[in-house]
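Letter by letter, the chains look like this.
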Amino acid sequence: MTALITQRICHHKPYNELWECLDVALYEYLLKCDCRGFGVSFSQKDYIAEIFKDKEVLVLSGGNDIGQYPKRDEFEFMLLEYALQHNKKILAICRGMQIVATYFGLKLHKSTHAVKEYHALSGTLTHSVHSYHNFCIKEVPSGFENLAYVESEIEAMKSRQILALMWHPERERQDSTIQADRALISQFLQT
């Protein structure tokens, strides 16, 4: 199985350049879920059908708040639209879940979670995860199942085509969390 992976944007001030980058840990994590990932640039927005050729999955990665880099936002909404129309699987991580929620008309709220601390999930999923996000959602779009929450914040949701996680599975270090996340993602990708 192969996937397109969106990348965070970093402004490299010494050269006044915008860099797109992705933590190698995400590539390695996806490989453990039997999925080969390929980073994609927002500069390729005119070639979406081409870049999706032979790709079964779209991974909307984390990093950058929505609105910080409008070109990335626009590109990810275009990729999401294409993936939905062409029945591709979508794995949305952190910011990716926020993109999905926004696409379906939900409002983002300021998160009250402490960053980089473990939070015990409630709901269908009950393991502990780290949070790195500044914004959250408090409801799921129509057609989605709420898989996990912490207090009033939705941490995971799923539809037939989309699995969205507000945490970064590639950053987790506890064995029980790694195993739970890998099983969840692998099962989603294989069905």
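See the structure shown above.
These numbers were taken from a predicted model, which means no experiment stands behind them.

A.B. asks: Is there a simple way to explain the packing of aromatic side chains in this structure?
C.D. replies: Note on aromatic pairs: each is described by the distance of the centres and the angle between the planes. Summed over the entire model, instances satisfying the criterion amount to three aromatic pairs. The interplanar angle of 70° and the centroid separation of 5.4 Å between the aromatic rings of Phe104 and Phe144 together place this pair among those described as edge-to-face. With Phe104 in the loop between α4 (95-103) and β7 (109-110) and Phe144 in the loop between β11 (135-136) and β12 (145-150), this pair connects stretches of sequence that are 40 residues apart. Ring pairing ties together the aromatic residues Tyr103, Phe104 and Phe144, which thus form one cluster. If you follow Lys89 out to its NZ or CZ, it ends over the ring of Phe188, 4.3 Å from the centre. The positively charged end of Lys110 is found above the aromatic ring belonging to Phe135, 5.4 Å away from the centroid.

A.B. asks: What is the right way to read unusual backbone geometry from this model?
C.D. replies: Glycine aside, residues mostly have negative phi, and peptide bonds are mostly found in the trans state. Not every positive phi belongs to a glycine, and Asp54 is a case in point at roughly 65°. Topologically, Asp54 is positioned in the loop between α2 (48-51) and β5 (57-60). The backbone of Cys94 shows a phi angle near 55°, a positive value even though the residue is not glycine.

A.B. asks: How do you make sense of the environment of Phe77 when you look at a structure like this?
C.D. replies: Along the chain, the position of Phe77 falls in helix α3 (residues 70-85). Residue class for Phe77 comes out partly exposed when judged on its relative accessible area of 24%. When residues no more than four places from it in sequence are discounted, the contact partners of Phe77 are Ile99, Thr102 and Tyr103.

A.B. asks: For this particular structure, what's the right way to read the pattern of salt bridges?
C.D. replies: If the charged atoms of two oppositely charged side chains come close together, the side chains can form a pair. Under the criterion given, the structure shown has four salt bridges. The shortest N-O distance in the salt bridge between Glu76 and Arg72 comes to 2.8 Å. Residue Glu76 and its partner Arg72 are located together in helix α3, separated by four residues, close to a single helical turn. Given a relative accessible area of 2%, Arg72 falls into the buried group. Note that Arg95 and Glu76 form a salt bridge whose closest N and O atoms lie 2.9 Å from each other. In this pair, Arg95 sits in helix α4 while Glu76 sits in helix α3, placing the two residues 19 residues apart along the sequence. Exposure remark for Glu76: the relative accessible area of 0% places this residue in the buried category.

A.B. asks: I would appreciate a short explanation of the side chain of Ser61 in the present structure.
C.D. replies: Along the chain, the position of Ser61 falls in the loop between β5 and α3. On the basis of relative accessibility, which here comes to 1%, the residue Ser61 falls in the buried class. A polar atom in the side chain of Ser61 sits 2.5 Å from the backbone oxygen of Thr6. Ignoring sequence-local partners within four residues, the contact set of Ser61 consists of Ile5, Thr6, Gln7, Arg8, Leu22, Leu26, Arg72, Ile93, Arg95 and Gly96.

A.B. asks: Would you mind showing me how to read the pairing of strand β3 (residues 17-21) here?
C.D. replies: Both faces of the sheet carry side chains from a regular strand, because those side chains alternate between them. Note that strand β2 (residues 8-12) and β3 share five bridges and pair antiparallel. Counterpart to His12 in the pairing with β3 is Glu17. As consecutive antiparallel partners, β2 and β3 are separated by four residues, and within that stretch Asn16 has a phi angle of approximately 50°, a positive value.

Conventions we followed
Residues numbered from 1 in each chain as written. Predicted model: local features only at pLDDT ≥ 70, side-chain atom pairs only at ≥ 80, totals over all residues. Heavy atoms only, no water. Phe/Tyr/Trp six-rings, centres within 6.5 Å; stacked < 30°, edge-to-face > 60°. Helix = DSSP H or I, 4+ residues; strand = E, 2+ residues; numbered from the N terminus. Lys NZ or Arg CZ within 6 Å of the ring centre and 35° of its normal. Buried < 20%, exposed > 50% of the residue type's maximum accessible area, 1.4 Å probe, protein only. Contact = heavy atoms within 4.5 Å. Salt bridge = Lys/Arg side-chain N within 4 Å of Asp/Glu carboxyl O. Polar contact = N/O pair within 3.5 Å; in protein donor to acceptor, adjacent residues only side chain to side chain. Pairing = 2+ DSSP bridges.

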